Amino acid sequence: MTQAILDAIHQAMTSPWIYLALFALAMLDGFFPVVPAETSVITAGVFAASTGAPNLWLVIAVAALGAFAGDHISYAIGRTTNSRLRGGRRSGKAIAWAERALHERGGLVLVVARYIPGGRTACTLTMGAVAYPRRSFALFDALATVSWAIYSGLIGYVGGAAFENDPIKGLLLGLGIALTITAVVEGVRFTRRRRTEGRHERTAVRTGD
């Protein structure tokens, strides 16, 4: 299915319908994370650099709007599961823990999760399930989706400009940059977690003494 979607996107690159397609893919990716939304935006950036169509800034705008809408659909789905999740003993404890964690650093989690395929959906669903404040969610989600759309469009555009006569090589470069950035984000998260655990261990030792 993914390859069929990408083939259709390639064929529609010079058509005005490409913007609607990118919006739809970015929206679906918010709650159905098996569609190639990020790859499609990167591909559009590659073609924008090499052929001039589609328009890069329109690509970024519709991708951001679609992602914003999709994340809010995912959030709304999470809100509908709130009461059911709280009903079970184990799930209730898990929800309580997630609620505390997200209220402490939910904005950062949401922005970072936007760059992790699958993680973005898990995050928005959970934020809905724990009834994370909607206004705060919308604010941080706007930051997350706009930065994601700019990042996806520009890495495709930069890759396409470097390989103007071979858009496929530019696409591969853009995807490589995306994977690298994701790895860096994950490395930072791991380091922060290890530091936090280390502080907790030192605090526990001092308290025990």
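Above: the structure in question.
Residues numbered from 1 in each chain as written. Predicted model: local features only at pLDDT ≥ 70, side-chain atom pairs only at ≥ 80, totals over all residues. Heavy atoms only, no water.

Here we come to the overall build of the protein chain. Scanning the protein chain from N- to C-terminus turns up nine helices and zero strands. In the protein chain, the order of α-helices and β-strands from amino to carboxyl end is α-α-α-α-α-α-α-α-α. (Helix = DSSP H or I, 4+ residues; strand = E, 2+ residues; numbered from the N terminus.)

Attention shifts here to the nonpolar core. Membership of the largest hydrophobic core comes to 26 residues, with the highest contact counts inside it found for I9, M13, L22, L25, V41, W148 and A149. Residue assignment for this core shows that the elements contributing at least two residues are helix 1 (2-11), helix 2 (17-31), helix 3 (37-51), helix 4 (56-80) and helix 8 (134-162). Ranked by residue count, the leading element in this core is helix 4, at seven residues. In contact with M13, not counting residues within four places along its chain, are I18, S40, T43, A44, F47, A53 and P54. If you look at the next biggest cluster of nonpolar residues, it comprises nine residues, including Y75, C123, V130 and F137. (Core = buried A, V, L, I, M, F, W, Y, C linked by side-chain atoms within 4.5 Å. Buried < 20%, exposed > 50% of the residue type's maximum accessible area, 1.4 Å probe, protein only. Contact = heavy atoms within 4.5 Å.)

Right, let's get into helix 3. Given a rise of 1.5 Å per residue, 15 residues ought to cover 21 Å, and the 21 Å separating the end C-alpha atoms of helix 3 matches this to within 8%. Counting buried residues in helix 3 gives 13 out of 15 residues, a clear majority hidden from the surface. One or two positions beyond helix 3, positive phi appears at G52, with a value near 85°. (Expected span 1.5 Å × (residues − 1).)

Before going further, it helps to examine unusual backbone geometry. A cis amide bond links A53 with the next residue in sequence, P54, at an omega value of 0°. Relative to the assigned elements, P54 resides in the loop between helix 3 and helix 4. Although it is not a glycine, A131 adopts a positive phi angle of roughly 60°. Structurally, A131 can be placed in the loop between helix 7 (119-129) and helix 8. With a relative accessible area of 35%, A131 lands in the partly exposed category.

Shape descriptors only; they carry no functional weight alone.
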